[in-house]
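Reading the structure
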Amino acid sequence: VTAFVDQLLFGYRNGHELIAGSRTLSASEQRELLPHVDASLESEDERDLIGISLPSLGYVLARIWPAPELPRRGAVWTHALVVGLAELRARGLHSLLRLLRRPSGDELDAYSAPLPWPDAAPDRLAGPAAALAPTLVWAALGEPDGPRAVICKQGEERHAEHALIALLDALPPFARPALSFRTRARARLEGSPYRVQVAPGLAGRSEESDRAVLDARRPPATPPPRWTALLDESPAASRLRNALARRVDSDTESLARVSTILESITAGAPAAGAELAERALAAELPPPWSPATLDALARALEEAPPPLLPTALLEAVLAGPLGVDPERRADVGEVVGARHVEPREGGDQAGEGGER
Amino acid sequence: MAAGRMKLVLLGEQATGKSSMLVALYGALVNRCAGDLRLARTIDDVEFLSRGLESFGRHQSLRRTEVDSSARLAVELVRGEQTLTLDVPDRSGEMLKHMIDSRAWDPDLRGQLDDAGGALLFLNAGRRDPATPGGDEHDVPWTPALMPDDVRAVDLLQAVLDVRPEPLPIAVIVSAWDLVGVGSPQQWLAERAPLLDQFLRNYPDRLPHAVFGVSAQGGDFSTTDGRDDHDPWERAYVARPDAVRTTLAEPILWFLDATP
């Protein structure tokens with residue numbers, strides 16, 4: 001069965017407005033969408049990419065181009081794709097970037113029908129996109145009060161597009177709607193609705209700009225958390241992505257909770273051991289995990305002192321307020337105890353050896 | 001020295017001269033062409049204002065304001081012994097257009113009105129009446145966007161009266177005033193926007209008002225006549241309600257005098 005994605009085209013007519021689309025928009029939908037499909041572009045080769053979940057519409061992926069051929073100075077074209085949250089969770093966005101296209105000439109009818117969802121494998125991150133990825137992951141999954149703007153070299157914001165899409169697709173399905181982003185010429189530090197902004201410059205005055213941005217142009221002042229390697233090509237990063245992807249269903253939209261889990265998995269626990277623990281936990285508490293379960297898990301992980309070994313992790317979780325049948329706790333502990341191999345020096349390798 | 005704060009809200013649909021007015025006012029203040037008003041300091045980022053002045057200097061109209069704009073004119077002013085903090089957030093006209101079309105409040109505008117000391121209501125003297133057929137446009141189906149400007153302005157002000165019990169001083173700004181040529185701004189309003197004129201006259205206590213003509217560019221950049229060699233702050237001017245030409249500060253001075 002072919003899936004389809006709705007599309008909308010905005011341009012300047014009597015103001016910046018909907019020019020064509022495969023669906024109509026109610027007044028409230030338009031009011032909610034308009035701020036995200038408009039821009040003040042500063043050069044003719046600038047283009048912004050926006051990804052954001054809107055309560056009335058679903059997830060919107062949009063690109064904005066200058067429109068110097070339109071009658072008003074500063075007019076722009078915006079092509080937006082509207083993705084249902086169920087599709088976002090099931091498919092991710094990696095194949096949709098290639099659908100975004102700027103109108104040329106009068107072929108606006110092409111924007112009036114839903115588009116078939118392309119069947120394409122994710123692009124491999126390379127070059128500047130791969131180099132930017134850890135900083136983007138840090139901004140997206142770091143502390144909720146931490147930096148949300150990433151400053152990159154001029155022109156690299158375009159490469160960031162692929163890394164942002166890869167990051168969104170690597171998140172647990174339940175967490176994808178919570179990742180919003182925008183690439184632009186100048187990031188705004190105040191009043192931005194986006195979780196991550198990527199830009200070569202900053203707009204406005206801010207006395208807190210040093211604390212509010214991650215500068216991808218320079219080495220970080222403090223070592224980044226290990227989980228910022230989430231999008232690397234390494235086996236460890238691949239295991240991390242797999243571990244994340246298994247957290248398949250929940251209503252929660254907390255990226256902070258995901259980063260807590262990531263931190264706990266990578267902080268001291270050998271990756272393979274963490275997987276073992278996770279499997280045992282899943283056996284005891286089969287997914288889908290409720291938000292309350294994830295809350296309890298995150299709390300238990302936060303309270304457990306690092307380095308966190310899988311057994312300790314499980315004990316902490318099982319001792320927590322998860323409502324696990326007390327008679328089964330011993331069984332789970334036994335399973336873990338039998339399969340768990342204490343790591344040797346070298347961490348991950350030891351854990352891998354133990355599992356295999 | 002007395003000190004005060006004044007927050008003004010811009011009410012105007014797209015391409016009615018809101019940003020141009022702010023840029024021209026900023027240019028007049030920075031270059032001491034604002035009569036009794038003196039600029040003490042700028043409070044917020046002035047980059048968009050400086051860029052706007054550069055555009056005017058190149059005889060280019062301003063770029064349109066994006067819907068999600070965070071730009072504002074925020075300055076500290078001195079008038080005699082009085083100091084005043086003036087805060088005027090720039091607004092995209094599209095959100096107001098959408099609000100009038102859908103007859104549903106824009107939450108941001110609704111919030112701004114609560115603590116506004118006054119409002120600048122913009123009409124464009126060069127805008128063709130959208131209800132006037134031209135070419136093949138008589139086949140266009142009716143939409144709220146085809147309502148005459150004064151009808152839309154009255155619709156907006158009625159909504160304002162519903163939510164704001166306190167008086168709201170209104171400076172009606174007729175932009176692109178250099179295109180008008182003869183008469184006073186007050187006459188223009190009576191002749192070209194009669195419903196709005198009647199409406200405002202009926203609410204002198206709740207909507208005290210004055211009408212100003214503003215030429216922020218000082219002329220039409222699309223014609224040779226509009227491209228004189230003066231600096232932007234020397235070209236820009238305001239026509240008072242009685243048509244006397246004065247500085248860009250005049251509407252602000254009117255607010256100061258109209259506000260107890």
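Note that the structure is predicted; figures quoted are calculated from it, not measured.

**Re helix 2 (residues 47-57) of chain B**
All names here are of chain B.
- Of all the residues in helix 2, the buried ones are Leu49, Gly52, Leu53, Ser55 and Phe56. For helix 2, the angular spread of the buried residues around the axis is 155°, confining them to a single face.
- Looking at the buried side of helix 2, the elements it contacts are helix 1 (18-30), strand 3 (72-79) and helix 8 (232-235).
- Immediately downstream of helix 2, the backbone of His59 shows phi near 60°, a positive value.

**Here we look at the pairing of strand 4 (residues 58-66) of chain A**
Residue and element names in this part refer to chain A.
- The buried fraction of strand 4 amounts to nine of the nine residues, a majority that puts the element mostly inside the structure.
- With seven bridges joining them, strand 3 (residues 48-54) and strand 4 adopt antiparallel strand pairing. Bridge pairing in strand 4 links Asp48 to Ile64.
- Taken together, strand 3 and the strand that follows it, strand 4, pair antiparallel across an intervening segment of three residues.
- Pairing geometry for strand 4 and strand 5 (residues 76-83), over eight bridges, is antiparallel.

**A look at the interface of chain B and chain A**
- Across the boundary between the two partners, chain B contributes 30 residues, which contact 25 residues of chain A.
- Approximately 2,400 Å² of surface area, both sides summed, lies buried where chain B meets chain A, with 44% of it carried by carbon and sulfur atoms.
- The interface formed by chain B and chain A includes six salt bridges.
- Linking chain B with chain A are 13 residue pairs in polar contact (both at pLDDT 80 or more).
- Mapped by element, the contributors of at least two residues to the side of chain B that touches chain A are helix 2 and helix 3 (93-102) of chain B.
- The biggest single contributor to the side of chain B that touches chain A is helix 3 of chain B, with five residues.

**Notes on the pattern of salt bridges**
All names here are of chain B.
- Under the defined criterion, the tally for this structure stands at 33 salt bridges over all chains.
- Across the pair Arg51 and Glu47 runs a salt bridge, and its minimum N-O distance is 3.0 Å. One end of the pair, Arg51, and the other, Glu47, are both in helix 2, four residues apart, so they sit about a helical turn from each other.
- Assessed through its relative accessible area of 36%, Arg51 is described here as partly exposed.

**Here's the deal with the nonpolar core**
Residues and elements named next belong to chain A.
- Among the nonpolar cores identified, the biggest contains 57 residues, and Leu93, Leu136, Leu167, Phe181, Val196 and Leu230 are the most heavily contacted of them.
- Sorting the residues of this core by element identifies strand 1 (4-13), strand 2 (15-21), strand 4, strand 5, helix 3 (127-141), helix 4 (157-170), strand 10 (196-199) and helix 6 (235-245) as the ones contributing at least two each.
- For this core, the element with the highest residue contribution is helix 3, accounting for nine residues.
- Apart from the residues within four sequence positions on either side, Leu93 is in contact with Tyr59, Leu61, Val83, Leu88, Ile165, Leu168 and Asp169.

**Some remarks on unusual backbone geometry**
Residues and elements named next belong to chain B.
- In this structure, Arg103 is a non-glycine residue whose phi angle is positive, near 55°.
- Within the element layout of this structure, Arg103 appears in the loop between helix 3 and helix 4 (107-114).
- Judged by relative accessible area, which is 62%, Arg103 ranks as exposed.
- We note that Ala176 has phi near 55°; this positive angle belongs to a residue other than glycine.
- Following the sequence through the fold, Ala176 ends up in the loop between strand 6 (170-175) and helix 6 (185-192).

**So, the packing of aromatic side chains**
Residues and elements named next belong to chain B.
- Overall, the coordinates contain four aromatic pairs over all chains when judged by the stated rule.
- Members of the aromatic cluster, connected to one another through ring pairs, are Phe212, Trp254 and Phe255.
- Above the face of the Tyr237 ring, Arg245 is positioned so that its terminal group lies 3.7 Å from the ring centre.

**Details of the confidence of the model for chain B**
Residue and element names in this part refer to chain B.
- Residue-level pLDDT values for chain B average 90, and 92% of them are 70 or greater.
- Mean pLDDT across the elements of chain B bottoms out in helix 8 (90) and peaks in strand 6 (98).
- What the predictor reports for the complex is a pTM of 0.81 with an ipTM of 0.87.

**Some words on the packing of helix 6 of chain B against helix 7 (residues 194-201) of chain B**
Residue and element names in this part refer to chain B.
- Relative to each other, helix 6 and helix 7 sit at 115°, their axes nearing to 5 Å. As summarised for this structure, helix 6 and helix 7 are arranged roughly perpendicular, according to the angle between their axes. Here Gln186, Leu189, Ala190, Glu191 and Arg192 of helix 6 lie close against helix 7, whose contacting residues are Pro194, Leu196, Asp197, Leu200 and Arg201.
- Across the contact of helix 6 with helix 7, the residue classes break down as five nonpolar, one polar and four charged.

**Here we look at the confidence of the model for chain A**
All names here are of chain A.
- Residue-level pLDDT values for chain A average 76, and 65% of them are 70 or greater.
- Below a pLDDT of 50 lies the segment residues 248-254, which in the model reaches 19 contacts outside its immediate sequence neighbourhood of four places, other chains included.
- Contacts of residues 304-311 to residues separated by more than four positions or lying in other chains number 15 contacts, the stretch itself having pLDDT below 50.

**Topic: helix 1 of chain B**
Residues and elements named next belong to chain B.
- Compared with the 18 Å implied by 1.5 Å per residue over 13 residues, the 19 Å span of helix 1 between its first and last C-alpha is a close match.
- Residues of helix 1 that are buried: Lys18, Ser19, Ser20, Met21, Leu22, Val23, Ala24, Leu25, Tyr26, Gly27, Ala28 and Leu29.
- The positive-phi residue at the C-terminal boundary of helix 1 is Arg32, with phi of around 55°.

**Some thoughts on the pairing of strand 5 of chain A**
Residues and elements named next belong to chain A.
- With eight of its eight residues buried, strand 5 lies for the most part within the structure.
- Judged by which residues are buried, strand 5 turns out to be covered on both faces: Val76, Thr78, Ala80 and Val82 on one side and Trp77, His79, Leu81 and Val83 on the other are all buried.
- Note that strand 1 and strand 5 share five bridges and pair antiparallel. Bridge assignment links Leu9 to a residue of strand 5, and that residue is His79.

**Comments concerning the side chain of B:Asp150**
All names here are of chain B.
- As for its position among the elements, Asp150 is in helix 5 (residues 149-163).
- Although Asp150 is buried, it forms no salt bridge, and the closest oppositely charged side chain is Arg192 at an N-O distance of 9.3 Å.
- Those residues within four positions of Asp150 in sequence are excluded, and the remaining contacts are Ala193, Pro194, Leu195 and Leu196.

**Considering the side chain of B:Arg235**
All names here are of chain B.
- Mapped onto the fold, Arg235 is located in helix 8.
- Its relative accessible area of 3% is what places Arg235 among the buried residues.
- Side chain to side chain, Arg235 and His59 meet in a polar contact 3.4 Å long.
- Of the polar contacts made by the side chain of Arg235, one reaches the backbone oxygen of Gln217; its length is 3.1 Å.
- When near neighbours in sequence (up to four residues on either side) are disregarded, Arg235 contacts Phe56, Gly57, His59, Ser215, Gln217, Gly218, Phe221, Asp228, His230 and Arg245.

**Quick notes on the environment of A:Arg47**
Residues and elements named next belong to chain A.
- If you trace the backbone, Arg47 turns up in the loop between helix 1 (27-33) and strand 3.
- In this structure Arg47 comes out as partly exposed when scored by relative accessible area, which is 26%.
- Distance from Arg47 to Ile64, taken between C-alpha atoms, is 5.3 Å for residues 17 residues apart in sequence.
- Those residues in contact with Arg47 that lie beyond four places of it in its chain are Arg63, Ile64, Trp65, Arg158, Glu161 and Thr183.

Rules used throughout
- Residues numbered from 1 in each chain as written.
- Chains lettered and ligands numbered in written order.
- Predicted model: local features only at pLDDT ≥ 70, side-chain atom pairs only at ≥ 80, totals over all residues.
- Heavy atoms only, no water.
- Buried < 20%, exposed > 50% of the residue type's maximum accessible area, 1.4 Å probe, protein only.
- Helix = DSSP H or I, 4+ residues; strand = E, 2+ residues; numbered from the N terminus.
- Arc of directions from axis to C-beta.
- Contact = heavy atoms within 4.5 Å.
- Pairing = 2+ DSSP bridges.
- Buried area = accessible area lost by both parts, 1.4 Å probe.
- Salt bridge = Lys/Arg side-chain N within 4 Å of Asp/Glu carboxyl O.
- Polar contact = N/O pair within 3.5 Å; in protein donor to acceptor, adjacent residues only side chain to side chain.
- Core = buried A, V, L, I, M, F, W, Y, C linked by side-chain atoms within 4.5 Å.
- Phe/Tyr/Trp six-rings, centres within 6.5 Å; stacked < 30°, edge-to-face > 60°.
- Lys NZ or Arg CZ within 6 Å of the ring centre and 35° of its normal.
- pLDDT = per-residue confidence, 0-100.
- Axes fitted to C-alpha atoms, helices over the stretch in contact; angles between N-to-C directions.
- Parallel < 35°, antiparallel > 145°, perpendicular 65-115°, else oblique.
- Nonpolar A, V, L, I, M, F, W, Y, C, P; charged D, E, K, R; others polar.
- Expected span 1.5 Å × (residues − 1).
- Lys, Arg positive; Asp, Glu negative; His and termini not counted.

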